[in-house]
Amino acid sequence: MKVKDIGQTKTKEEVIEILNTNGISHTVANCNGSEQIRILFGDETNGCYNSPIMVQTCNKDICKVYPHEILYIAIENRKSVLYLTDRKIETNYHLEHWKNVLNKKSFAQPHYSYIVNLNYVDEVTKDFVTLKYCNDKYKVYTSMRKIGAFKKAVLEFKG
């Protein structure tokens, strides 16, 4: 049986039945205790895109940050600064921490000092990445060393 009903809405039970019928290994995960679910395939272990990340700020407060709220992350004055859709958070985490925590399909690095959420990319030039959220625009530097891989990530993401 081939699955060609991509444009049609299926219930959770119908999707699970199709996966079982086709012998596709999967796990069902709830998202934040809501009605949303995510089906993880094979050995995939990451949670929902809407799952929060607990972040400790520079002043030792702890807050929840949802990945879809992150416009970009920048290194400024030896701190990583999360530019969110509604606020800015300074943390002591290294950029490596964010590269390991965030989904590599939705986030990419145009410069060694930045990680960008590909959902908000509006334009890419040799010098800047322009991000757009509502009526606001943000510019992030690019580097010659990282721009090629970044453009490839944007094309694969938007593809």
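Note that this is a predicted model, so its numbers are computed, not measured. (Residues numbered from 1 in each chain as written. Predicted model: local features only at pLDDT ≥ 70, side-chain atom pairs only at ≥ 80, totals over all residues. Heavy atoms only, no water.)

## Some thoughts on the packing of aromatic side chains
Heads up, the condition is: Aromatic pairing here means that ring centres of Phe, Tyr or Trp (its six-membered ring) are within 6.5 Å. Orientation follows from the plane angle: under 30 degrees is stacked, over 60 is edge-to-face, and everything else is tilted. Per the convention used, a helix needs a DSSP run of H or I reaching at least four residues, while a strand needs a run of E reaching at least two, with both numbered from the N terminus. Type-normalised accessible area, obtained with a 1.4 Å probe on protein chains alone, sets the label of each residue: buried when under 20%, exposed when over 50%, and partly exposed for intermediate values. Criterion for a charge above a ring: Lys NZ or Arg CZ within 6 Å of the ring centre, and within 35 degrees of the ring normal.
Applying the stated criterion across every chain, the model contains 6 aromatic pairs. Centroid distance Y72 to Y83: 4.5 Å. Interplanar angle 10°. Geometry classified as stacked. You can see Y72 sitting in strand β5 (residues 70-76) and its partner Y83 sitting in strand β6 (residues 79-84), a full 11 residues away along the chain. Like Y72, the residue Y83 is buried in the burial classification. A centroid spacing of 5.4 Å and a plane angle of 85° characterise the contact between Y93 and W98, whose relative ring orientation is edge-to-face. Assessed through its relative accessible area of 1%, W98 is described here as buried. Ring-pair connections join several aromatic residues into one group, and the members of that group are Y72, Y83, Y114 and Y138. Between the NZ or CZ atom of K139 and the centre of the ring of F128, over which it lies, the distance is 5.1 Å.

## Focus on the confidence of the model for the protein chain
What counts, and what does not: The predictor attaches a confidence to each residue, called pLDDT, with possible values from 0 through 100. Only heavy atoms matter for contacts: two residues are in contact if any of them lie within 4.5 Å across the pair.
Across the protein chain, the average pLDDT comes to 83, with 78% of residues at 70 or higher. Counting contacts from residues 31-35, a segment whose pLDDT is below 50, to residues more than four positions away or on other chains yields 8 contacts. Below a pLDDT of 50 lies the segment residues 44-48, which in the model reaches 8 contacts outside its immediate sequence neighbourhood of four places, other chains included.

## Focus: the sheet that holds strand β12 (residues 136-141)
Threshold: Pairing between strands requires that DSSP locate at least two bridges from one strand to the other. As a rule, the C-alpha atoms of each element are fitted with a line to give its axis, helices using only the stretch in contact, and angles between N-to-C directions run from 0 to 180 degrees.
Across the sheet, 3 strands lie side by side as β10-β11-β12; this open sheet has antiparallel pairing. The sheet is open, and its two borders are formed by β10 (121-124) and β12, each paired with just one other strand. With direction set aside, neighbouring strand axes in the sheet form an average angle of 25°. Along the sheet face, helix α3 (residues 147-158) touches β10 and β11 (128-133) and points at about 140° away from the line of β10.

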